[in-house]
Amino acid sequence: MATSASSKLNKAVKQQYMSLPQGEKVQAMYIWIDGSGEGLRCKTRTLDSEPKTIEDLPEWNFDGSSTYQSEGSNSDMYLIPAAMFRDPFRKDPNKLVLCEVLKYNRKPAETNLRYTCKKIMNMVENNHPWFGMEQEYTILGTDGHPFGWPSNGFPGPQGPYYCGVGADKAYGRDIVEAHYRACLYAGVQIYGSNAEVMPAQWEFQIGPCEGINMGDHLWIARFILHRVCEDFGVVVSFDPKPIPGNWNGAGCHTNFSTKEMREDDGLKVIEESIERLAKRHRYHIRAYDPKGGLDNARRLTGRHETSSIDEFSAGVANRGASIRIPRSVGQDKKGYFEDRRPSANCDPYAVTEALVRTCLLKEEGEEPANYSK
């Protein structure tokens, strides 16, 4: 099992230094999405006192030519603090700061999808859109081999691993437990976790979150998972089909509701939304992974609890459909629906924005409407 060199450093020695008093000063780790639309970057600055609100945090900058975000001749990019969390690695009073990225001309960077998402969410705030996202991921060694798998070959076929218990069924639970507690400490709206169908594959759920908070909380939860895995010397992959063949892929099923859907007879509103989604399948597929649907094409095959990428489908309690209406919602005639199409490496800002555009703003056609005119 290949683990990183830094994970073998003496953590007890590090702890001697981490327990030193830091006076009135505070370390703020600024975090942003890089030019790949999937990778996260971070760097730390010292503040003179503990920030109480996002307005207390200064703007900062970085070299975009080293993060796939600009050319070297004009490489300064701006970091605009957007959401603040407690730091579970350095502990209070230190902070994690999720940032938006602006280019030299103060326009949003290409992978800053939060910028438009926030505008769209502000347009529908009276509808109180709630989201819950189920983030699947796979734990890998530094050599790219799934954690706990035989070095030459495969583990036993799928069946005993989903929500499994025991050393021969659950691979890497220490990472899952550490991540869960770190999210709770940080103030992330984590809802639960479980082992998934493929060995070394796990899931955590974030939500319910309203509006822009969904993207903020999921990105910070991903960052915390990357850092926890770094400490253990392993790698987390959000690839939607990390192992080809007869193994489940990894998605980010998205649960969605509005105030109307949650009220009596909300099922009618849910069914109307599903009709709108059916007419806009290709638009949503493009929004649901960072490569415009190419990543999801490996996962959405109609097998392994997925729908076909080429066809829209919906059904009650059907895990092979594009949209699943939970059985309890069918019985209560109100609640929410689950969009099972987003890939594990999706940008939650793009996914939540697309759902709001189609279901609440009632957009049609292949392209998103432009409201800035």
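Thresholds, definitions, all that
- Residues numbered from 1 in each chain as written.
- Predicted model: local features only at pLDDT ≥ 70, side-chain atom pairs only at ≥ 80, totals over all residues.
- Heavy atoms only, no water.
- Domains from an automatic or database assignment.
- Contact = heavy atoms within 4.5 Å.
- Buried area = accessible area lost by both parts, 1.4 Å probe.
- Salt bridge = Lys/Arg side-chain N within 4 Å of Asp/Glu carboxyl O.
- Helix = DSSP H or I, 4+ residues; strand = E, 2+ residues; numbered from the N terminus.
- Nonpolar A, V, L, I, M, F, W, Y, C, P; charged D, E, K, R; others polar.
- Buried < 20%, exposed > 50% of the residue type's maximum accessible area, 1.4 Å probe, protein only.
- Pairing = 2+ DSSP bridges.
- Axes fitted to C-alpha atoms, helices over the stretch in contact; angles between N-to-C directions.
- Core = buried A, V, L, I, M, F, W, Y, C linked by side-chain atoms within 4.5 Å.
- Phe/Tyr/Trp six-rings, centres within 6.5 Å; stacked < 30°, edge-to-face > 60°.

On to the domain arrangement of the chain, then. As assigned here, the chain comprises domain 1 (22–110) and domain 2 (121–360). Facing 17 residues of domain 1, the contacting portion of domain 2 comprises 22 residues. Note on domain 1 versus domain 2: buried area summed over both sides is about 1,700 Å², and carbon and sulfur give 74% of it. When residues of domain 1 are sorted by the area they lose upon contact with domain 2, Glu 38, Phe 85 and Phe 89 head the list and together hold 37% of the total. Where domain 1 packs against domain 2, one counts 1 salt bridge. When the shortest N-O distance is used, the salt bridge between Lys 291 and Glu 38 registers 3.1 Å. When contributions to the side of domain 1 that touches domain 2 are tallied by element, the ones reaching two or more residues are β1 (26–33), β2 (40–47), β4 (76–86) and β5 (95–102). Residue classes in the side of domain 1 that touches domain 2 are distributed as 11 nonpolar, 1 polar and 5 charged.

Following the criterion strictly, the structure yields 26 salt bridges and no others. A salt bridge links Arg 41 to Asp 34; its shortest N-O distance comes to 2.9 Å. The shortest N-O distance in the salt bridge between Asp 216 and Arg 114 comes to 2.8 Å. Taken together, the residues span a long stretch of sequence, with Asp 216 in helix α4 (residues 213–232) and Arg 114 in helix α2 (residues 114–123) at a distance of 102 residues. Take Asp 216 and Arg 114: they sit in the same class, and that class is buried. Through salt bridges with shared partners, one network takes in Glu 38, Asp 239, Lys 291, Asp 295 and Arg 298.

Here the focus is the sheet that holds β1. Spatial ordering of the open sheet is given by β2-β1-β5-β4-β3, a layout of 5 strands whose pairing is mixed. In this open sheet, the two strands that pair with only one neighbour each are β2 and β3 (60–63). Averaged over neighbouring strand pairs, the angle between their axes works out to 40 degrees when direction is ignored. Looking at chain direction, β1 and β2 are connected through 8 bridges and run antiparallel. Residue Trp 32 lies in a different strand from β2, and its bridge partner there is Arg 41.

This part takes up the nonpolar core. Ranked by size, the top nonpolar core spans 69 residues in total, and within it Tyr 137, Val 188, Ile 206, Ile 224, Phe 256 and Phe 337 carry the most contacts. Two domains each donate at least three residues to this core, and these are domain 1 (22–110) and domain 2 (121–360). Not counting the four nearest positions on each side in its chain, Val 188 is found in contact with Phe 85, Cys 183, Ile 206, His 217, Ile 220, Ala 221 and Ile 224. Of all hydrophobic cores here, the second largest spans 14 residues; its members include Val 26, Cys 99, Val 101 and Ala 109.

The way to describe two aromatic rings as a pair is by their centre distance and the angle between their planes. Tallied over the full model, the rule gives 9 aromatic pairs. Ring centres 5.2 Å apart and planes at 80 degrees place the aromatic pair Tyr 30 and Trp 60 in the edge-to-face group. Of this pair, Tyr 30 sits in strand β1 while Trp 60 sits in strand β3, and the two are 30 residues apart along the sequence. Both residues of the pair, Tyr 30 and Trp 60, belong to the buried class. A centroid spacing of 4.8 Å and a plane angle of 45 degrees characterise the contact between Trp 149 and Trp 247, whose relative ring orientation is tilted. Pair noted here: Trp 149 is in the loop between β6 (130–140) and α3 (173–186) and Trp 247 is in the loop between β9 (235–237) and β10 (252–257), with a separation of 98 residues, a long-range link. There is no split in this pair, since Trp 149 and Trp 247 are both buried.

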